[in-house]
Amino acid sequence: MTGAEVRELSSEEITLELGKLREKLYNLRVQAATEKVEDNSLFSKIRKDVARLRTEQMRRHRETNPSRRQNAAARRERGRQQLEQGGQHQGQHSGQSSGQQS
């Protein structure tokens, strides 16, 4: 399976194909433990296909859901803007705990 073929699949098809490949890999491992495997290259071929499918699955997930890194960057930027406007960002402390006074 090539990357272009994977990109043409729907999300549901990717999920189904991943399940099939994982089952094939499991059966191949069982076969390797109980008897001789005729084509050892199948291990790497199946693992690479699983990786291609997972890569595409994650790419689609990132397109629809903002990453934690992007959210963190946005929070930092809002905090900087609040500090520039004279307000104090909630995540930063002035050096004293809220219940203690000197």
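Calculation notes
- Residues numbered from 1 in each chain as written.
- Predicted model: local features only at pLDDT ≥ 70, side-chain atom pairs only at ≥ 80, totals over all residues.
- Heavy atoms only, no water.
- Helix = DSSP H or I, 4+ residues; strand = E, 2+ residues; numbered from the N terminus.
- Axes fitted to C-alpha atoms, helices over the stretch in contact; angles between N-to-C directions.
- Parallel < 35°, antiparallel > 145°, perpendicular 65-115°, else oblique.
- Left-handed = near helix turned anticlockwise from the far one by under 90°.
- Contact = heavy atoms within 4.5 Å.
- Nonpolar A, V, L, I, M, F, W, Y, C, P; charged D, E, K, R; others polar.
- Salt bridge = Lys/Arg side-chain N within 4 Å of Asp/Glu carboxyl O.
- Buried < 20%, exposed > 50% of the residue type's maximum accessible area, 1.4 Å probe, protein only.
- Expected span 1.5 Å × (residues − 1).
- pLDDT = per-residue confidence, 0-100.
- Core = buried A, V, L, I, M, F, W, Y, C linked by side-chain atoms within 4.5 Å.

1. With respect to the overall build of the protein
The secondary structure content of the protein amounts to four helices and zero strands. The N-to-C order of helical and strand elements in the protein reads α-α-α-α.

2. Points about the packing of helix H2 (residues 11-34) against helix H3 (residues 41-64)
Packed helix pairs are specified by the crossing angle of their axes together with the interaxial distance, meaning the distance between the axes. Between H2 and H3, whose axes approach to 10 Å, the crossing angle comes to 155 degrees. When the axes of H2 and H3 are compared, the pair comes out roughly antiparallel. In this structure, H2 meets H3 at a crossing whose hand is left-handed. Residues Ser11, Ile14, Thr15, Glu17, Leu18, Leu21, Arg22, Lys24, Leu25, Leu28, Arg29 and Ala32 of H2 pack against Leu42, Phe43, Ile46, Arg47, Asp49, Val50, Leu53, Arg54, Glu56, Gln57 and Arg60 of H3. Looking at the contact of H2 with H3, its residues break down into 11 nonpolar, three polar and nine charged.

3. A few points about the pattern of salt bridges
With the rule as written, the count across this model stands at five salt bridges. For Arg59, the salt bridge identified is with Glu63, shortest N-O distance 2.4 Å. Placement of the pair is Arg59 and Glu63 together in helix H3, with a separation of four residues, close to one helical turn. For Glu63, a relative accessible area of 56% corresponds to the exposed category.

4. Re helix H4 (residues 68-84)
Taking 1.5 Å of rise per residue, 17 residues should cover 24 Å, and H4 covers 24 Å from first to last C-alpha, within 8% of that figure. Just past H4, the residue Gly86 takes up positive phi, approximately 100 degrees.

5. Considerations on the confidence of the model for the protein
On average, residues of the protein score 84 in pLDDT, and 83% of them reach the 70 mark or higher. Per-element confidence in the protein ranges from a low mean pLDDT of 82 for H4 to a high of 95 for H2.

6. Regarding the nonpolar core
As a rule of thumb, nonpolar side chains are buried together in soluble globular proteins. Val6, Ile14, Leu18, Leu21, Leu25, Leu28, Val37, Phe43, Ile46, Val50 and Leu53 form the largest nonpolar core, which has 11 residues in total. Elements with a minimum of two residues in this core: H2 and H3. Here the element with the most residues in this core is H2; it accounts for five residues. Sequence-distant contacts of Leu53, that is, excluding residues within four places in its chain, are made with Met1, Val6, Leu9, Ile14, Glu17, Leu18 and Leu21.

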